[in-house]
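Structural characterization, general
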Amino acid sequence: MTHIWHPKDPYVEGSHLWRMMTALGFSDYGAFHRYSVEEPEGFYRALMVHLAWPWRKPYEKAIEGEFPFPSFFTGGRLNLVEACLQAPKEALALVFESEDGTVQGLTYEALEREVARVAGGLAALGVEPGDRVGLFLPMSLEAAISLLAVAALGGIAVPIFSGYAAEAAAVRLKDAKAKALIAQDGFLRRGRRVELLAEARKARALAETPLLLVVQRLGLPLEKGEAAFHELRGSLAPREVASMDPFMLIYTSGTTGRPKGTVHYHAGFPLKAALDMALLFDLRAGERLFWLTDLGWMMGPWAILGGLILKGTVLLYEGAPDFPHPGRVFELVEKHRITHLGLSPTLVRALIPHGEEAVRRFDRSSLRVLGSTGEPWNLEPYLWFFRVVGEDRLPIVNYSGGTEVAGGILGNVLLRPIKPMGFNTAAPGIQAEVLDERGRPVVGQVGELAVLRPWPGMTKGFWQDEGRYLETYFGRFPKVWVHGDLALLDEDGHFFILGRSDDTLKVAGKRVGPAEVETAALAHTAVKEAAAIGVPHEVKGEAIVLFVVLKPGYAPDPHLAEEVAEKVATALGRPLRPERVLFVPDLPKTRNAKIMRRVVRRAYLGEELGDLSSLENPEAVEAIRKLR
């Protein structure tokens, strides 16, 4: 596959990456990346200087020990909040817009005051260092303030997806033994009032969480024993903590078992977010970042912390991406002069049927970088994102890692050409390889994405579940982090993610990623979305079943199913022709538009579905069950 974007001078000179490479004496990115992995002490010293990282007590060693339980920045003392508040006081830190168009903003000076007020108010209510505080809020000013305030007082924030029902929120609060819950009373979603307070009250009762503080966006009345967020009073400067002291416990959902609580620390997650945002996305001081996400997903805290550390402005939006019209995201880009826009591949696929005019009618000249994460791309929507949204001029920084990583394992740097759907580098500081079934690095063949050395930002483990952490990441090869993604590294050094390795299809001995099958199906003009799964087959071992969502104007029929199956066979070969093509009205997705293939497979096979709390559209599961 040929390169689609090539480096241009405005993306090179003056960039964070160019300045760091120059400071260290490198002119070649490959040599710089090797240095970042092989000489971590020198690399992280240079990064600290570049970010003007405000240590209260300097650290002794950047990385100490090996997988699975290394330590980072040993002996160092700090508070991450101070790293987030170094921009000029008058600079704009945060902008919030609600779905109805209401806009509010905070300068860095005002943000510092609010963080001190809320931290002091929480401390006055008895929240102490090490206490867990649930954050049940959409992306809002109060969400960012709360995240920083809990960190400032030395507590541990527990972000919770704002779309959860009470039971899902309670599981996380109870597992964390949260002392307090900060919840928003509600918000607008597709023109309707979503009253979150009732779910928050139920969750608090189920988890036996002592304190409930309420952000009154909708003005709902409080009950006895509840406190109003805006009436908190106090003033508390950020407390000094050790580098490995936790500040956040963020849960990930699996299809089986209880949610996994990943533990992140003051000199880990925020530093990794800033590193990636600087060296991959090149967010510069004063630029504006908008990543469509939720506080309960890793990318919410990532955007807030990374954007503030780099002295940028972060746009927080709590509404739907296509309401009241399909161009809503791009209206926000025009209105707030966004420079860095992050969307998921699934959201892009959902926007395509609305037509190019929904994008082109809005001024996007402020955009400098596009970003994507969450799942593998298919070629057609990737090219649409590049050509329509990016006008054939903007780089797409494809970004893949996860909650446990605190950011990316793979990404794109803007000093190298970019191939469609690919990653032109492992993130600086990350030694990533594709391993075969025997744990050997391979090029040009599909294997497991793995990381061979520790990196600052990796989780300290799962909350009170060491065994599950070890089994999840280190159960395959000794002292090697196996991430669970199926990947390919080509001869040019580009990585490609083909899906989760436990989603891998193995048909008659041939391994294929679901994204390859789906990309082939999407070449049919009638196909809007697709999800490929493997089901048991007596002869082949596994056969492919393809679930398809049609574009408007097309109706399911056997002839169309045959056409789609033939598209796949033509692209991938007859052995990989789907056994069945089934039409569904929708595919199960999370709020950030990630298709849950494992849920599709379990529903179709009649297996236990596991935790579905992150799904935005659980009704999609029932439609699949009926096709069993």
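Scroll up a little and you will see the structure.
Scoring rules and cut-offs
- Starting afresh in each chain, residues are numbered from 1 along the sequence in its written order.
- Confidence filtering applies because this is a predicted model: local features only for residues at pLDDT of at least 70, side-chain atom pairs given and counted only at 80 or more, and all residues used for totals across whole chains, interfaces and linings.
- Computation of side-chain values covers all heavy atoms of the structure but excludes hydrogens and water.
- Orientation is described by axes fitted as lines to C-alpha atoms, over the contacting stretch for helices, and by angles from 0 to 180 degrees between their N-to-C directions.
- Each helix is a run of H or I in the DSSP string that is no shorter than four residues. Each strand is a run of E no shorter than two, and both are numbered from the N terminus.
- Comment on the angle field: the value is read as roughly parallel under 35 degrees, roughly antiparallel over 145, roughly perpendicular from 65 to 115, and oblique elsewhere.
- Note: crossing handedness is left-handed where the near helix turns anticlockwise from the far helix by less than a right angle, and right-handed where it turns clockwise.
- Should any heavy atoms of two residues lie within 4.5 Å, those residues are considered in contact.
- Three classes are used: nonpolar for Ala, Val, Leu, Ile, Met, Phe, Trp, Tyr, Cys and Pro, charged for Asp, Glu, Lys and Arg, and polar for all others, with Gly counted as polar.
- When a carboxyl oxygen of Asp or Glu lies within 4 Å of a side-chain nitrogen of Lys or Arg, that pair is called a salt bridge.
- A simple rule labels every residue: compare its accessible area, found with a 1.4 Å probe on the protein chains alone, to the largest value its type can have, and call it buried under 20%, exposed over 50%, or partly exposed in between.
- We call a set of buried Ala, Val, Leu, Ile, Met, Phe, Trp, Tyr and Cys residues a nonpolar core when their side-chain atoms join them within 4.5 Å.
- By arc we mean the arc of the directions from the helix axis to the C-beta atoms, nothing more.
- For this analysis, a polar contact is any N or O atom pair within 3.5 Å, provided that within protein one partner can donate a hydrogen and the other can accept it, and provided that sequence-adjacent residues contribute only side-chain to side-chain pairs.

As a further point, take the packing of helix H17 (residues 514–522) against helix H18 (residues 558–572). Relative orientation of the contacting elements H17 and H18 amounts to 120°, with a least axis distance of 8 Å. Taken together, H17 and H18 sit at an angle that is classed as oblique. H18 is crossed by H17, and the crossing has right-handed handedness. Two secondary-structure elements touch here, H17 through Glu-516, Val-517, Ala-520 and Ala-521 and H18 through Val-564, Lys-567, Val-568, Ala-571 and Leu-572. Partitioned by chemical class, the residues of the contact of H17 with H18 number 7 nonpolar, no polar and 2 charged.

Moving on: the pattern of salt bridges. Across all of its chains, the model carries 40 salt bridges by this definition. Across the salt bridge formed by Glu-240 and Arg-77, the nearest N and O atoms sit 2.6 Å from each other. Taken together, the residues span a long stretch of sequence, with Glu-240 in the loop between strand E12 (226–228) and strand E13 (241–242) and Arg-77 in strand E3 (residues 77–78) at a distance of 163 residues. Residue classification places Glu-240 among the partly exposed residues on the basis of a relative accessible area of 35%. Since its relative accessible area comes to 28%, Arg-77 is described here as partly exposed. The partner of Arg-337 in a salt bridge is Asp-363, with the nearest N and O atoms 3.1 Å apart. Of this pair, Arg-337 sits in the loop between helix H12 (328–336) and strand E18 (340–342) while Asp-363 sits in the loop between helix H14 (357–360) and strand E19 (369–372), and the two are 26 residues apart along the sequence.

Right, let's talk about the nonpolar core for a bit. Formed by 157 residues in total, the largest nonpolar core has its most connected members in Phe-73, Leu-111, Trp-302, Leu-341 and Trp-481. For this core, the leading source of residues is helix H7 (residues 141–152), giving 10 residues. Those residues in contact with Trp-302 that lie beyond four places of it in its chain are Phe-269, Ala-273, Met-277, Phe-281, Trp-291, Gly-307, Tyr-399, Ala-406 and Gly-407. Counting residues in each nonpolar core, the second largest holds 30 residues, with Ala-178, Leu-181, Ala-183 and Val-263 among its members.

Let us now look at helix H3 (residues 29–38). Among the residues of H3, Tyr-29, Gly-30, Phe-32, His-33, Ser-36 and Val-37 are the ones counted as buried. Axial view of H3: buried residues confined to an arc of 160°, hence all on one face. Tucked into the core, H3 has its buried residues touching helix H2 (16–24), helix H4 (40–51) and strand E23 (425–426). Measuring from the side-chain oxygen of the N-cap residue of H3 to the backbone nitrogen of Gly-30 gives 3.3 Å; that N-cap residue is Asp-28.

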